[in-house]
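# Geometric and topological summary
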Amino acid sequence: GWGKQNGGEFRLFTAEPDSTSAALDVLPVRNRMILFWATEDCPHEVLHCNRDRFAVSLIYVDGRRSVRDPCGRGRARVSRELIPTLPLTRDAAIRRCVDSEQEALELIAEAQAAQGLTAQASPSLLGCRPLPRPCSQCGAVSSEGGIGGDDFPGWYCRACWNKWEADSDSRAAGVDMREPLKAF
């Protein structure tokens with residue numbers, strides 16, 4: 001079992017600004033789940049552990065509020081770390097966070113930039129805004145994908161990566177993907 005001597009408690013502080021007074025300490029015992037608003041109104045920390053401890057942290061984010069976060073951290077979280085709930089794709093979730101397709105394209109460009117791709121400038125009357133690069137293979141615009149290597153320069157969407165991986169796995173197994181599969 002887990003005892004107080006092992007440390008690792010989840011601590012909630014009292015609501016006063018810059019409080020160091022503990023309102024509640026919760027031991028990390030098996031099958032315990034804690035749900036709370038991780039905001040300025042709910043300061044918290046995990047105390048030092050004296051033995052190995054395993055924990056899973058999930059942060060649910062309101063995409064619309066995050067994109068409009070005045071300090072900019074929320075917008076960066078959406079463009080870099082967003083993992084949508086099914087059945088939404090990442091790009092569909094990004095589009096739900098914003099009010100216009102232009103703003104969605106800007107967020108997708110930021111997501112691509114977080115993966116190392118330089119966005120292309122958009123010549124507009126309002127100034128240059130970043131636009132995402134389309135997939136070099138299929139032309140899709142997506143926040144999910146990656147930069148190809150020396151033999152395949154450019155940006156490739158997740159769908160093209162998945163197709164290449166499947167084709168590569170099939171070739172390794174001796175199946176020619178150019179020939180239709182025949183039923184036995």
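Our subject is the structure that appears above.
Residues numbered from 1 in each chain as written. Predicted model: local features only at pLDDT ≥ 70, side-chain atom pairs only at ≥ 80, totals over all residues. Heavy atoms only, no water.

Here we come to the pattern of salt bridges. In this structure the tally under the stated criterion is nine salt bridges. Notably, a salt bridge pairs Glu101 with Arg95, separated by 2.8 Å at the nearest N-O pair. Through salt bridges that share partners, Arg64, Arg68, Arg75, Asp99, Glu103 and Glu110 make up one connected network. (Salt bridge = Lys/Arg side-chain N within 4 Å of Asp/Glu carboxyl O.)

Another aspect to go through is helix 4 (residues 101–114). Taking 1.5 Å per residue as the helical rise, helix 4 with its 14 residues ought to reach 20 Å, and the 20 Å between its terminal C-alpha atoms agrees with that figure. Of all the residues in helix 4, the buried ones are Glu103, Ala104, Leu105, Glu106, Leu107, Ile108, Ala109, Ala111 and Gln112. Count one or two residues on from helix 4 and you reach Gly116, which has phi positive near 100 degrees. (Helix = DSSP H or I, 4+ residues; strand = E, 2+ residues; numbered from the N terminus. Expected span 1.5 Å × (residues − 1). Buried < 20%, exposed > 50% of the residue type's maximum accessible area, 1.4 Å probe, protein only.)

Okay, the packing of helix 2 (residues 73–81) against helix 4 next. At a minimum axis separation of 8 Å, helix 2 and helix 4 run at an interaxial angle of 70 degrees. Of the possible angle classes, the one that applies to helix 2 and helix 4 is roughly perpendicular. Every pair of crossing elements has a handedness; the one defined by helix 2 and helix 4 is right-handed. Across the interface between the two elements, Arg75, Val78, Ser79 and Arg80 from helix 2 touch Glu103, Glu106, Leu107, Glu110, Ala111 and Ala114 from helix 4. Among the residues making up the contact of helix 2 with helix 4, the classes are represented as four nonpolar, one polar and five charged. (Axes fitted to C-alpha atoms, helices over the stretch in contact; angles between N-to-C directions. Parallel < 35°, antiparallel > 145°, perpendicular 65-115°, else oblique. Left-handed = near helix turned anticlockwise from the far one by under 90°. Contact = heavy atoms within 4.5 Å. Nonpolar A, V, L, I, M, F, W, Y, C, P; charged D, E, K, R; others polar.)

Moving on, we get to the layout of surface pockets. Taken as a whole, the largest pocket holds about 1,800 Å³ of empty space. In terms of lining, the largest pocket is formed by 43 residues, of which the most central are Phe36, Trp37, Ala38, Leu58 and Ile59. Counted by class, the lining of the largest pocket contains 23 nonpolar, eight polar and 12 charged residues. Those elements giving two or more residues to the lining of the second largest pocket turn out to be helix 1 (63–67), helix 2 and helix 3 (90–97). (1 Å grid on protein atoms, 1.4 Å probe; cavity = no way out; pocket = protein on both sides within 12 Å on 5 of 7 lines; lining within 4 Å. Points joined across faces, edges and corners; volume = space filled by probe spheres on them.)

Here we take up the sheet that holds strand 3 (residues 44–46). Across the sheet, three strands lie side by side as 2-1-3; this open sheet has antiparallel pairing. Every interior strand has two partners, whereas the edge strands, strand 2 (22–26) and strand 3, have only one. Recorded for the sheet is a direction-independent mean angle of 20 degrees between the axes of neighbouring strands. Two elements, strand 1 (residues 10–13) and strand 3, share three bridges in a ladder whose sense is antiparallel. Its bridge partner being in strand 3, Arg11 is matched across the sheet by Glu45. (Pairing = 2+ DSSP bridges.)

What follows is about the environment of Ser79. With respect to the helices and strands, the residue Ser79 is situated in helix 2. Measuring from C-alpha to C-alpha, the distance between Ser79 and Leu107 comes to 5.8 Å, with 28 residues separating the pair along the chain. Among residues more than four places away in sequence, those in contact with Ser79 are Arg90, Leu107, Glu110 and Ala111.

On to the side chain of Ser79. Residue classification places Ser79 among the buried residues on the basis of a relative accessible area of 4%. A polar atom in the side chain of Ser79 sits 3.2 Å from the backbone oxygen of Ala76. (Polar contact = N/O pair within 3.5 Å; in protein donor to acceptor, adjacent residues only side chain to side chain.)

Right, let's talk about unusual backbone geometry for a bit. Of note, the bond from Leu86 into Pro87 is cis; its omega dihedral lies within 30 degrees of zero at 15 degrees. By secondary structure assignment, the location of Pro87 is in the loop between helix 2 and helix 3. A positive phi angle is found at Asp18, which is not glycine, with a value near 55 degrees. With respect to the helices and strands, Asp18 occurs in the loop between strand 1 and strand 2. Look at Asp18 and you get exposed, because its relative accessible area is 80%. Residue Asn31 is not a glycine yet carries a positive backbone phi of 65 degrees.

Spatial relationships are all this shows, so hold off on functional conclusions.
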